[in-house]
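Read off the chains here:
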Amino acid sequence: MMSRSYTNLLDLAAGNFAALGPSGGGRRRSGSFGIKRMPRVMTVPGTLSDLDDDDDEQAATSSVASDVPSSAVGERLIVVANQLPVVARRRADGRGWVFSWDDDSLLLRLRDGVPDEMEVFFVGSLRADVPPTEQEEVSQTLIDGFRCAPVFLSPELNERFYHHFCKRYLWPLFHYMLPFASPLSPTTEAAASGDGGRFDRSAWEAYVLANKHFYEKVVEVINPEDDYVWVHDYHLMALPTFLRRRFNRLRIGFFLHSPFPSSEIYRTLPVREEVLRTLLNCDLIGFHTFDYARHFLSCCSRMLGLEYQSKRGYIGLEYFGRTVGIKIMPMGIHMGQLQSVLRLPEKEQRVAELLQRFEGKTVLLGVDDTDIFKGINLKLLAFETMLRMHPKWQGRAVLVQIANPPRGKGKELEAIQAEIRGSCERINRDFGQTGYSPVVFIDRNVSSAERLAYYTIAECVVVTAVRDGMNLTPYEYIVCRHGIPGSESAPEVSGPKKSMLVVSEFIGCSPSLSGAIRVNPWNIETTAEALNEAISMSEQEKQLRHGKHYRYVSTHDVAYWSKSFIQDLERACKDHFRKPCWGIGLGFGFRVVALDPHFTKLNLDTIVMSYERAKSRVVLLDYDGTLVPQASINKEPSAEIVRIINTLCSDSNNIVFIVSGRSRDSLGKMFASCPKLGLAAEHGYFLRWTRDEEWQTSTHTSDFGWMQMAEPVMNLYTESTDGSYIENKETALVWHHQDADPGFGSSQAKEMLDHLESVLANEPVAVRSGQFIVEVKPQGVSKGLVAEKILILMKEKGQQADFVLCIGDDRSDEDMFENIADVMKRNIVAPKTPLFACTVGQKPSKARFYLDDTFDVVNMLSSLADASDLDPITELDDDLATSVSSIDISDEPPRLGNRRDEGS
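Just so it is clear, the model here is predicted, and its values are computed rather than measured.

### Topic: the overall build of the protein chain
Each helix and strand counted, the protein chain has 29 helices and 34 strands in total. Looking at the protein chain as a whole, 58% of its 904 residues qualify as buried. Relative to all contacts within the protein chain whose residues are 6 or more apart in sequence, the contacts with residues 24 or more apart total 73%. Carbon and sulfur atoms make up 49% of the accessible area of the protein chain, which amounts to about 37700 Å² in all.

Following this line, the structure appears as structure tokens:
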């Protein structure tokens, strides 16, 4: 029988989240998650209560108890990672546990960059199996003594979550290894070993369930209004959605310590959109290098249609009204911890032993974890090639390779280990001499003092990983070769400091080490020449390169990294408590929509009441995306829409217009059965008050010779951009690229925009880009201007509008919203006129109101039509429509500032 939590997991994976209301957190009580709580200390509300419309009992369900004692209420940083920076050991007598900080954990050292007034609290799992009977005692000990809250996963869940999905699927995929083998096929070696394998839905469900356990532990300790949450690495990519769904305003940061693959690799992940969307529930997402960030942004563009913007050095993604920051900052080392090990007598003793052992030899060093991506055998092959190509190094050069024991398992890893051992034996057999072994292979755990001793005596460190997120080995080596500033110890590094690095161009630290020799590790011959160049380089050149590297490494340490990330996280969250927000969506499609404080849903009763009181009404409607869905194949207006429009038009108190980017022929045919409907085609260039009137133009422009200049340019880009096409209008040319490759289409659109602006610099046209379009149209033409002209003409006839409704869905409609917001100040409409500027969909807009979709729009218009049928008609000037249609409207009114002439 499935457990309750596993059932919830299946609901989550299937997208069956409970409906969520306005900002205010979740709607379930904490106990519904089955969390075993420790004694309660304080209660802090999770979100601002003034945004909730619920009663007191419901509001109480969104408050959260912090079970962690604190000396003072203030900001905390909750660091959530797969493993705590704590070492757990059984007591010698088997009774109880002994805990200590893990000095090698950089997560522990990030505290150095945290402001003094901010407490750091850790949430994660222990690298020890704690029996269920001891878990409560262990939890309390770690909370009281270490400010750590442990997450306990069952061995079965941990196997499926960590060893199966994280290490055998996500980790290889993020390191550019596609899962060709099926885990269900016993005939494949990969399947038999458990390595890699295709996507396994049950393993994904285990991953989600494990993330849910981490979420439950965070809920136990969090104060949502005061705390920041910093989630680390690919093990916990589902966690932000759990947290955001419960606490809409929680300040969440995420840092990925592995590479992020290119879109061509990432798109093979069956849950690709779910992972992207859960990461976008963070406020700040961090990467080690620009390449990793660029790949993430490319995936967001190609799979979610999101484009990033760069402003004053900061990169941001607009996601449902929230700006998700992108942080690029390579992680550093902890100088103090390294220097403390350098001072140890054990290290000094080990250095003396190594200097004696390798006297007269040139030592090259490799320090790597044993896995399939570290390229250890490629390094051995390059060293072997160097000895063959440069015999002078035979008997003189030694490669010491430290291979940390593997953390994974499987036949593929066993094959790599066998290959490494075979290469070591062959090189030592072919080039070894009495008292000389070219390769020293160490495949055991090495203490920090011993590792740093090897760094100290090595002439060159070699890293040939074929893919690695960061790799701090070169940083540690540089510090060890420099020694402790001002110290008289370590005579081996006294005098001029020098070091050399040969690093793979596929590791995260490579861009930061401009003095290193970068290599493609797959090219054995080139790597061999790089090894020879590194150890043959002049002493002065080694010193210069070392100095450059040391200045960077010593100033960009782990404290600098964490301080920079926290500062950007604070900046990204500064508007959290200013904007109303609304949680929508199911499953991993859940997201928070952040809206302007004055942006509200259009209330049906309010607009009907205002409509009934008004005597001179103007209704301006966009068509595509407003009256009919954008995705609809049949773009013809339904019989219901035609009925509603005719009812509204038959009310003599109303002036109703369709204001669209469509051509006048298209609009004329679609609304041929609406005799009293006004039409504004091509964003208002053509205007017609009724079906029986002639089309008028809004400007005196009649010279369209610029089209002969613009069309060849557009044709040039159309021919070279597969999936693009040109739409020819009477007054405009539009280049569409929504069916082209997203990246290439966007790049071509930018090139075309610059090209057209150059070619048409002296022409009376506006060149604008929009969503998947580049448009060239006459200057002084926009939906905003035509809306303004309609209102001005009514005023000139003595019939000022006392009710204005304007509805649209895209960027071109924003002009209308912007213009009608200013008509009250200019006395174009009657005093105290209700202005209803309404966009379709919950998104950032200049409109004051929104409706969810086209169904809501039609429903609202139907209610207004019903009100027209019921109300007694108060006659307007019967000749209004005829009079305004006979006036020359080509005299353009004064233009408002900050107006855009773009549209779609």
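### Some words on the nonpolar core
One finds Phe 260, Leu 280, Ile 285 and Phe 296 to be the most contacted residues of the largest nonpolar core, which totals 105 residues. With twelve residues, the single largest contributor to this core is helix α7 (residues 201-221). Core analysis: the second largest hydrophobic core is formed by 78 residues, Met 331, Tyr 475, Leu 501 and Ile 507 among them.

### Considerations on the sheet that holds strand β7 (residues 148-150)
Reading across the sheet, the nine strands line up as β7-β6-β3-β8-β9-β10-β13-β12-β11 and stay open at both edges, with mixed pairing between neighbours. With partners counted over all chains shown, the strands left at the sheet margins are β7 and β11 (308-311), one partner each. Put simply, the sheet's adjacent strands are angled 25 degrees from each other on average, direction ignored. Judged from the five bridges that link them, strand β12 (residues 314-319) and strand β13 (residues 322-328) form a sheet pairing that is antiparallel. By the bridge assignment for β13, Tyr 319 is matched with Arg 322.

### Points about the pairing of strand β23 (residues 617-621)
In the case of a regular strand, side chains alternate between the two sheet surfaces. Where burial is concerned, most of β23 is hidden: five out of the five residues are buried. Burial of the side chains of β23 extends over both faces: Arg 617, Val 619 and Leu 621 are buried on one face and Val 618 and Leu 620 on the other. Of the strand pairs in this sheet, β23 and strand β24 (residues 654-659) are connected by five bridges, and their pairing is parallel. Considered in β24, the bridge of Arg 617 is made with Asn 654. Traced from β23 through helix α22 (residues 639-650) to β24, the parallel crossover comes out right-handed. Direction of pairing for β23 relative to strand β32 (residues 803-808): parallel, over a ladder of five bridges. For Val 618, the partnering residue across the bridge sits in β32 and is Val 804.

### Considerations on the pairing of strand β33 (residues 835-840)
Within β33, five of the six residues are buried, leaving the element largely enclosed by the surrounding structure. Looking at chain direction, β32 and β33 are connected through five bridges and run parallel. Each residue of the ladder has a partner; that of Ile 807, found in β33, is Cys 838. A crossover connection joins β32 to the parallel β33 through helix α27 (residues 811-820); in handedness this β-α-β unit is right-handed.

### Considerations on the packing of aromatic side chains
As enumerated under the stated definition, the model contains 34 aromatic pairs in all. For the pair Phe 165 and Trp 204, a centre-to-centre distance of 5.8 Å together with 50 degrees between the ring planes defines the contact as tilted. Placement of the pair is Phe 165 in helix α5 (residues 155-174) and Trp 204 in helix α7, with a sequence separation of 39 residues. An identical accessibility class is assigned to Phe 165 and Trp 204; each is buried.

### Observations concerning the state of the cysteines
Taken as a whole and assessed by the stated rule, the structure comprises zero disulfides. A disulfide-free cysteine, Cys 282 has its sulfur positioned 9.9 Å from the sulfur of Cys 573, the nearest such atom.

### A short note on the packing of helix α17 (residues 473-482) against helix α19 (residues 539-555)
Running from amino to carboxyl end, α17 crosses α19 at an angle of 110 degrees, the nearest separation of the two axes being 10 Å. One finds that α17 runs roughly perpendicular with respect to α19. Relative to α19, the crossing made by α17 is left-handed. On α19, the residues that touch Tyr 475, Ile 478, Val 479, Arg 481 and His 482 of α17 are His 546, His 549, Tyr 550, Tyr 552 and Val 553. By residue class, the composition of the contact of α17 with α19 is six nonpolar, three polar and one charged.

### So, the sheet that holds strand β19 (residues 517-519)
Pairing is parallel in the open sheet, where six strands are placed in the order β16-β15-β14-β17-β18-β19. Looking at which strands have only one partner, the edges of the open sheet turn out to be β16 (439-442) and β19. Neighbour-to-neighbour, the strand axes of this sheet turn through a mean angle of 20 degrees, independent of strand direction. Across three bridges, the pairing between strand β17 (residues 460-463) and strand β18 (residues 501-504) is parallel. For Val 463, the partnering residue across the bridge sits in β18 and is Val 503. Of the strands in this sheet, β14 (362-369), β17, β18 and β19 touch helix α18 (residues 524-536), which is tilted by about 170 degrees from β19.

### Here we look at the pattern of salt bridges
Side chains bearing opposite charge may pair, as long as their charged atoms lie close to each other. The full count for this structure, using the stated rule, is 43 salt bridges. Here Arg 388 makes a salt bridge to Glu 384, at a shortest N to O gap of 3.3 Å. Highlighted residues: Arg 388 and Glu 384, both in helix α14 (residues 376-389), separated by four residues, approximately one helical turn. With its nearest N and O atoms 2.5 Å apart, the salt bridge here joins Asp 568 to Arg 571. Highlighted residues: Asp 568 and Arg 571, both in helix α20 (residues 558-572), separated by three residues, approximately one helical turn. Residue classification places Arg 571 among the partly exposed positions, given a relative accessible area of 35%.

### Examining the environment of Gln 135
Its location among the elements puts Gln 135 in helix α4 (residues 132-146). Each C-alpha atom, one on Gln 135 and one on Val 151, is 9.4 Å from the other, the two residues being 16 residues apart in sequence. Contact partners of Gln 135, with chain neighbours within four places excluded, come to Val 130 and Phe 152. A polar contact is formed between the side chain of Gln 135 and the backbone oxygen of Val 130, at a distance of 3.2 Å.

### Points about unusual backbone geometry
It is generally the case that most residues other than glycine have a negative phi and that most peptide bonds are trans. Notably, Asn 471 is not glycine yet its phi reads approximately 70 degrees, a positive angle. Within the secondary structure layout, Asn 471 lies in the loop between β17 and α17. With phi around 65 degrees, His 683 is a residue other than glycine that occupies positive phi space. Counting through the fold element by element, His 683 comes out in the loop between β25 (678-681) and β26 (686-688).

### So, the confidence of the model for the protein chain
Looking at the protein chain as a whole, its pLDDT mean stands at 83, while 84% of the residues score no less than 70. Low pLDDT (under 50) marks residues 183-195, which in the prediction has 19 contacts with non-local residues, meaning those over four places away or in another chain. Below a pLDDT of 50 lies the segment residues 872-904, which in the model reaches 86 contacts outside its immediate sequence neighbourhood of four places, other chains included.

Rules behind the numbers
- Residues numbered from 1 in each chain as written.
- Predicted model: local features only at pLDDT ≥ 70, side-chain atom pairs only at ≥ 80, totals over all residues.
- Heavy atoms only, no water.
- Helix = DSSP H or I, 4+ residues; strand = E, 2+ residues; numbered from the N terminus.
- Buried < 20%, exposed > 50% of the residue type's maximum accessible area, 1.4 Å probe, protein only.
- Contact = heavy atoms within 4.5 Å.
- Areas by Shrake-Rupley, 256 points an atom, 1.4 Å probe, with all protein chains shown as cover.
- Core = buried A, V, L, I, M, F, W, Y, C linked by side-chain atoms within 4.5 Å.
- Pairing = 2+ DSSP bridges.
- Axes fitted to C-alpha atoms, helices over the stretch in contact; angles between N-to-C directions.
- Right-handed = clockwise from strand over helix to strand, strands pointing away.
- Phe/Tyr/Trp six-rings, centres within 6.5 Å; stacked < 30°, edge-to-face > 60°.
- Disulfide = S-S within 2.5 Å.
- Parallel < 35°, antiparallel > 145°, perpendicular 65-115°, else oblique.
- Left-handed = near helix turned anticlockwise from the far one by under 90°.
- Nonpolar A, V, L, I, M, F, W, Y, C, P; charged D, E, K, R; others polar.
- Salt bridge = Lys/Arg side-chain N within 4 Å of Asp/Glu carboxyl O.
- Polar contact = N/O pair within 3.5 Å; in protein donor to acceptor, adjacent residues only side chain to side chain.
- pLDDT = per-residue confidence, 0-100.

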